[in-house]
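Inside the fold
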Amino acid sequence: MNLSEQNSGTIIRALSGFYDVDTGSGIIRCRARGKLRKLGITPLVGDQAIFQPSGDSGYLQEILPRRNSFIRPAVANVDVLVMMGCQVNPVTEPFLIDRVAAIAAAQGVDTLLLLTKCDLDPAEELYAIYQQAGIPVIRTSTKTGQGIEAVREMLRGKLAAFTGNSGVGKSTMLNALYPEANMETGEVSDKLGRGRHTTRHVELFTLPDGTRIMDTPGFSSFDTDMMDLGTADSLARAFPEFRPYLGKCRFDDCSHVKEQGCAVLEALEQGKIGPTRHASYVRLYEKIKEYKEWEHKKS
Ligand code: ZN
């Protein structure tokens, strides 16, 4: 075994310049080397890192290539992005789900939608929208236990990041899914309230069955992370149900917003694409365009 194999692990926590690395046999608190900063690399939770031990702590030397990474929240190497929504107290706006699903798709990350509180409302509308959109969706209830085992089964052995709008019952769901993780961060960040980003941090928990989970508050704050969405051209591909129609529009540079001879708009008219999904697409398309124009002016 060479030195780098020995001194490597996963970053599970990042707090004010310190990075906790789980080596599989313990957790080492590390600082980043100036070299990483010079290369413009900010270590992220989920990163595979090589470190140099120094007493009880260490120095991060290298971050291994990432399979994917996000800006807000700052995490890397996610296998599944688990979004939560519900149709009661409060009703989740489909746009919030669509936006997160598009960000995940742009990064090549799988998504899973959990509909919570299904004992109070079976969430028929949301279920139908995402079934049709080709996004995996499971109905759940922490009261009756509905769907809980199915979710655990789907996430087994993967690195799953959880996100959901306020009030969707994320902490309750995480504790129902993984009581053995004894997670406190969700509760703490809920108490701190929204908008206090500095005190909210991402943490990675490893369960006995190898599943790793992240509670990621950042995905619910939008406007600031448009860069995660990619370009206006790539956005349509982030909507799985649009894909059969792409390349079939009259104009090669069709934006699928209001053009004549647009195959996506035709599918929308025929009910093959859901109206809320297309509305979310248009909303994101306009936002990306605005953002790019603003970026352009800045440089
Ligand atoms: Zn089109």
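Residues numbered from 1 in each chain as written. Predicted model: local features only at pLDDT ≥ 70, side-chain atom pairs only at ≥ 80, totals over all residues. Heavy atoms only, no water.

1. Notes on the overall build of the protein chain
Secondary structure summary: the protein chain contains ten helices and 13 strands in total. Taken across its 299 residues, the protein chain has 47% of its residues classed as buried. Approximately 15,100 Å² of the protein chain is accessible, and the part contributed by carbon and sulfur atoms is 50%. (Helix = DSSP H or I, 4+ residues; strand = E, 2+ residues; numbered from the N terminus. Buried < 20%, exposed > 50% of the residue type's maximum accessible area, 1.4 Å probe, protein only. Areas by Shrake-Rupley, 256 points an atom, 1.4 Å probe, with all protein chains shown as cover.)

2. Remarks on the pairing of strand β4 (residues 48-54)
Two strands pair when backbone bridges link them, and strand β1 (residues 8-15) and β4 are joined in this way by three bridges, in the antiparallel orientation. Residue Gly9 lies in a different strand from β4, and its bridge partner there is Ala49. Pairing analysis gives six bridges linking β4 to strand β5 (residues 57-63), with the strands arranged antiparallel. Each residue of the ladder has a partner; that of Ala49, found in β5, is Ile63. Counted between consecutive antiparallel strands, the loop separating β4 from β5 contains two residues, among which Gly55 sits at a positive phi close to 65°. (Pairing = 2+ DSSP bridges.)

3. Side note on the coordination of the zinc ion
Binding of the zinc ion to the protein goes through Cys249 (SG), Cys254 (SG), His256 (ND1) and Cys262 (SG), at separations of 2.1 to 2.4 Å. Every donor counted, the four donor atoms about the zinc ion form angles of 102 to 113° at the centre, which fits tetrahedral coordination. If you list the donors of the zinc ion from N- to C-terminus, the spacing comes out as C-x4-C-x1-H-x5-C. Here Cys254 and Cys262 have matching classes, each one buried. (Donors = N, O, S within 2.8 Å, 3.2 Å for Na, K, Ca; no water. Tetrahedral: all angles 85-135°; square planar, octahedral: opposite > 155°, others 65-115°.)

4. Considering the confidence of the model for the protein chain
Across the protein chain, the average pLDDT comes to 87, with 88% of residues at 70 or higher. Segment residues 185-199: pLDDT under 50, and 15 contacts once partners within four positions in sequence are set aside and those in other chains are kept. (pLDDT = per-residue confidence, 0-100. Contact = heavy atoms within 4.5 Å.)

5. Quick notes on the pairing of strand β8 (residues 80-85)
In regular strands, side chains alternate between the two faces of the sheet. The element β8 is largely enclosed, with a buried count of six among its six residues. Because side chains alternate across β8, one face comprises the buried residues Val80, Val82 and Met84, and the other comprises Leu81, Met83 and Gly85, equally buried. Note: β8 against strand β9 (residues 110-115), six bridges, orientation parallel. Across the sheet, Val80 pairs through a bridge with Asp110, a residue of β9. Between the parallel pair β8 and β9, the chain is carried across by helix α3 (residues 94-106), and the sense of this crossover is right-handed. In terms of strand pairing, β8 meets strand β11 (residues 159-164) through five bridges, oriented parallel. By the bridge assignment for β11, Val82 is matched with Phe162. (Right-handed = clockwise from strand over helix to strand, strands pointing away.)

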